[in-house]
Amino acid sequence: MVYAYIQDVPIGEELYQRIIDALGPEPLDGSLLHLCVRRPDGGLRYIDVWESKEQCGRAFDERIHPAVDAAFGDSRPDGEPEVHHLDVVHASGALLTGDLIT
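I will try to describe carefully the structure that is included in this document. Because the structure is predicted, anything quoted here is derived from the model rather than measured. (Residues numbered from 1 in each chain as written. Predicted model: local features only at pLDDT ≥ 70, side-chain atom pairs only at ≥ 80, totals over all residues. Heavy atoms only, no water.)

1. Section: the nonpolar core
A general feature of soluble globular proteins is that nonpolar side chains tend to end up buried together.
Here is step 1 of the chain: Residues Tyr5, Ile11, Ile19, Tyr46, Trp50, Cys56 and Ile64 are the most contacted members of the largest nonpolar core, which totals 19 residues.
Here is step 2 of the chain: Elements with a minimum of two residues in this core: β1 (3-9), α1 (13-23), β3 (44-50) and α2 (53-72).
Here is step 3 of the chain: Not counting residues within four places of it along the chain, the set of residues in contact with Ile64 comprises Leu23, Leu28, Trp50 and Ala59. (Core = buried A, V, L, I, M, F, W, Y, C linked by side-chain atoms within 4.5 Å. Buried < 20%, exposed > 50% of the residue type's maximum accessible area, 1.4 Å probe, protein only. Helix = DSSP H or I, 4+ residues; strand = E, 2+ residues; numbered from the N terminus. Contact = heavy atoms within 4.5 Å.)

What follows is the structure in structure tokens.
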């Protein structure tokens, strides 16, 4: 089954773009969907769907955290924004294959 969550982050679009640039063009292994949307308070919200929790964790360890560190210029705040896991009942769509929606 897919792994999905939302996360509100207290950053603006400029810093977000620096993170995306640091990640580079290669897709993250296991990432099915990443949406970044504006919140009314000016922050951003991520909506992510992964093939598995393990692939998500590996991507954070190997690519995402290093890209965030680079974007912050090694002055990244301590801790992580709170993650709200989504209890996926059903998933379908063009990004999914049959073995992921069991």
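2. A short note on the sheet that holds β3
Here is step 1 of the chain: Taking strand neighbours across the sheet as the criterion, the four strands line up as β2-β3-β1-β4 in an open arrangement whose pairing is antiparallel. With partners counted over all chains shown, the strands left at the sheet margins are β2 (31-38) and β4 (83-86), one partner each. Averaged over all neighbouring strand pairs, the angle between strand axes comes to 15°, with direction disregarded.
Here is step 2 of the chain: On top of the sheet, α1 reaches β2 and β3; it is set at about 30° to β3, its chief contact. (Pairing = 2+ DSSP bridges. Axes fitted to C-alpha atoms, helices over the stretch in contact; angles between N-to-C directions.)

3. Notes on the environment of Arg63
Here is step 1 of the chain: Tracing the sequence through the fold places Arg63 in helix α2.
Here is step 2 of the chain: By relative accessible area, Arg63 is classed as partly exposed at 21%.
Here is step 3 of the chain: Separated by 14 residues in the primary sequence, Arg63 and Val49 place their C-alpha atoms 16 Å from one another.
Here is step 4 of the chain: Those residues in contact with Arg63, other than ones at most four positions away along the chain, are Leu23, Gly24, Glu26, Pro27, Leu28 and Arg58.
Here is step 5 of the chain: In this structure the side chain of Arg63 is engaged in a polar contact, spanning 2.8 Å, whose partner is the backbone oxygen of Leu23. (Polar contact = N/O pair within 3.5 Å; in protein donor to acceptor, adjacent residues only side chain to side chain.)

4. Some remarks on the packing of aromatic side chains
Here is step 1 of the chain: For the coordinates displayed, the defined rule picks out two aromatic pairs.
Here is step 2 of the chain: Aromatic side chains Tyr3 and Tyr5 sit 5.9 Å apart centroid to centroid with 50° between the ring planes, which places their arrangement in the tilted category. For the pair Tyr3 and Tyr5, one class covers both residues: buried. (Phe/Tyr/Trp six-rings, centres within 6.5 Å; stacked < 30°, edge-to-face > 60°.)

5. A few points about the pattern of salt bridges
When the charged atoms of two side chains lie near each other, side chains of opposite charge can form a pair.
Here is step 1 of the chain: For the coordinates displayed, the defined rule picks out four salt bridges.
Here is step 2 of the chain: Its salt-bridge partner being Asp8, residue Arg45 comes within 2.6 Å of it at the nearest N-O pair. A residue pair is termed long-range when its members are at least 10 positions apart, and Arg45 in strand β3 and Asp8 in strand β1 qualify at 37 residues.
Here is step 3 of the chain: The exposure class assigned to Arg45 is partly exposed, which follows from its relative accessible area of 29%.
Here is step 4 of the chain: Look at Asp8 and you get partly exposed, because its relative accessible area is 26%.
Here is step 5 of the chain: Residues Asp41 and Arg39 are paired through a salt bridge, measuring 2.5 Å at the closest nitrogen-oxygen approach.
Here is step 6 of the chain: Judged by its relative accessible area of 57%, Asp41 is exposed.
Here is step 7 of the chain: A relative accessible area of 19% means that Arg39 is categorised as buried. (Salt bridge = Lys/Arg side-chain N within 4 Å of Asp/Glu carboxyl O.)

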